[in-house]
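Close look at the chain arrangement
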Amino acid sequence: MTVSAQLSAQLSTHLRHKGAAMRDAARRRPASEDWDETISAECTADDLTGVRKLRIRDWRYIGDGGADIGGWNLGPSSPELLCGVISTCLTHTYLCLAAMRGLPLDQVTVRVVARNNDAGFFEVAGDRPIYPHELTAYVRIDAAELSQAEIADFIAEGEQRCPIAYLVRNPIQLTVRTGEPEADR
């Protein structure tokens, strides 16, 4: 068996385990309210490098920029992280859908590309948006047991069901406050 075949067999195994875990969780938490939770991320910049130290649960990440913006290129920029968040959420959405349906996928690859223009940080006037724009997700799903039409339908459904893709298409209000967060509600 080739390495590629072994890895795709591993993804199918993961999807079987994931589907069983998801179905079990759905039985234990049958109401929508059972799934309400508060999530958070915290970012601190506090040293000579100016890197943004991002903490999510027990995970640590670094965000930084290149030399033109005074960074050290020690990590991805915030717009790049946004592309990463979109790509990981789309990928996970496809995995969840496949797991719940018992679909054996061989590989899921999502690459998100955006246009970006930092001129506004440098007080350079222009008509370009100051935020990532022209976001495009390129999705490739390899699944030997699915036809190309079934894969295309599956990709379209995942795009519609992905929470982060939905958020990007339908922005919600962001409230910015000073001080410490309130206790979990």
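Structure shown above.
Here goes a summary of the coordinates provided. (Residues numbered from 1 in each chain as written. Predicted model: local features only at pLDDT ≥ 70, side-chain atom pairs only at ≥ 80, totals over all residues. Heavy atoms only, no water.)

**With respect to the nonpolar core**
Short version of the rule: We call a set of buried Ala, Val, Leu, Ile, Met, Phe, Trp, Tyr and Cys residues a nonpolar core when their side-chain atoms join them within 4.5 Å. Think of it in three bands: with a 1.4 Å probe and only protein chains considered, a residue is buried below 20% of the maximum accessible area for its type, exposed above 50%, and partly exposed in between. Counting from the N terminus, the helices are the DSSP runs of H or I reaching at least four residues and the strands are the DSSP runs of E reaching at least two.
One finds Leu15, Leu90, Tyr94, Leu105, Val108, Ile141 and Phe154 to be the most contacted residues of the largest nonpolar core, which totals 22 residues. It is helix α2 (residues 78-101) that contributes the most residues to this core, 9 residues altogether.

**Re the pattern of salt bridges**
For clarity, the threshold we go by: Any Lys or Arg side-chain nitrogen found within 4 Å of a carboxyl oxygen on Asp or Glu counts as a salt bridge.
Applying the stated criterion across every chain yields a total of 10 salt bridges. Between Asp127 and Arg128 there is a salt bridge whose closest N-O contact spans 3.3 Å. Put simply, Glu157 and Arg161 hold a salt bridge, and the shortest N to O gap is 3.1 Å. Here Glu157 and its partner Arg161 are both found in helix α3 (residues 148-161), 4 residues apart, which amounts to about one turn of the helix. For Glu157, a relative accessible area of 24% corresponds to the partly exposed category.

**Here we look at a negative patch on the surface**
Quick reminder of the rule: Every patch collects residues that have over 30% relative accessible area and no salt bridge, joining them within 9 Å if they carry like charges and within 5 Å if they are nonpolar side chains (Val, Leu, Ile, Met, Phe, Trp, Tyr). The Shrake-Rupley method, run with a 1.4 Å probe sphere, supplies the accessible areas, and residue values consider only the shown protein chains as cover. Residues counted as positive are Lys and Arg, residues counted as negative are Asp and Glu, and His and the chain ends are not counted. Here the site of a charge means NZ on Lys, CZ on Arg, CG on Asp, or CD on Glu.
Negative charge collects at one region of the surface, where Glu33, Asp34, Asp36 and Glu37 lie side by side. Tracing the backbone shows Asp34 in the loop between α1 (3-28) and β1 (42-44). On the basis of relative accessible area, Asp34 is assigned to the partly exposed category, the value being 35%.

**Digging into the environment of Val112**
The criterion, for reference: The contact definition used throughout considers only heavy atoms, calling two residues in contact when any of these lie within 4.5 Å.
Inspection of the secondary structure puts Val112 in strand β4 (residues 107-115). Once the C-alpha coordinates of Val112 and Trp35 are considered, the two residues, 77 residues apart in sequence, prove to be 28 Å apart. Setting aside its immediate chain neighbours within four residues, Val112 contacts Cys83, Ile86, Ser87, Leu135, Thr136 and Ala137.

**As for the packing of aromatic side chains**
Under the convention used in this document: Geometry of aromatic contacts follows a simple scheme: Phe, Tyr and Trp rings, the Trp one being its six-membered ring, pair when their centres are within 6.5 Å, and the pair is stacked under 30 degrees between planes, edge-to-face over 60, tilted otherwise. A positively charged side chain is recorded as over a ring if its NZ (Lys) or CZ (Arg) lies within 6 Å of the ring centre. The angle to the ring normal must also be within 35 degrees.
Counted according to the given criterion, the structure contains 1 aromatic pair. Their ring planes at 40 degrees and their centres at 5.7 Å tell us that Tyr94 and Phe154 sit as a pair that is tilted. Here Tyr94, found in helix α2, pairs with Phe154, found in helix α3; they are 60 residues apart in sequence, far enough to count as distant. Across this residue pair, the class does not change: Tyr94 and Phe154 are buried. In this arrangement the basic side chain of Arg29 is found over the ring face of Trp35, its NZ or CZ atom lying 3.6 Å from the centre.

Keep in mind these numbers describe shape, not what the thing actually does.
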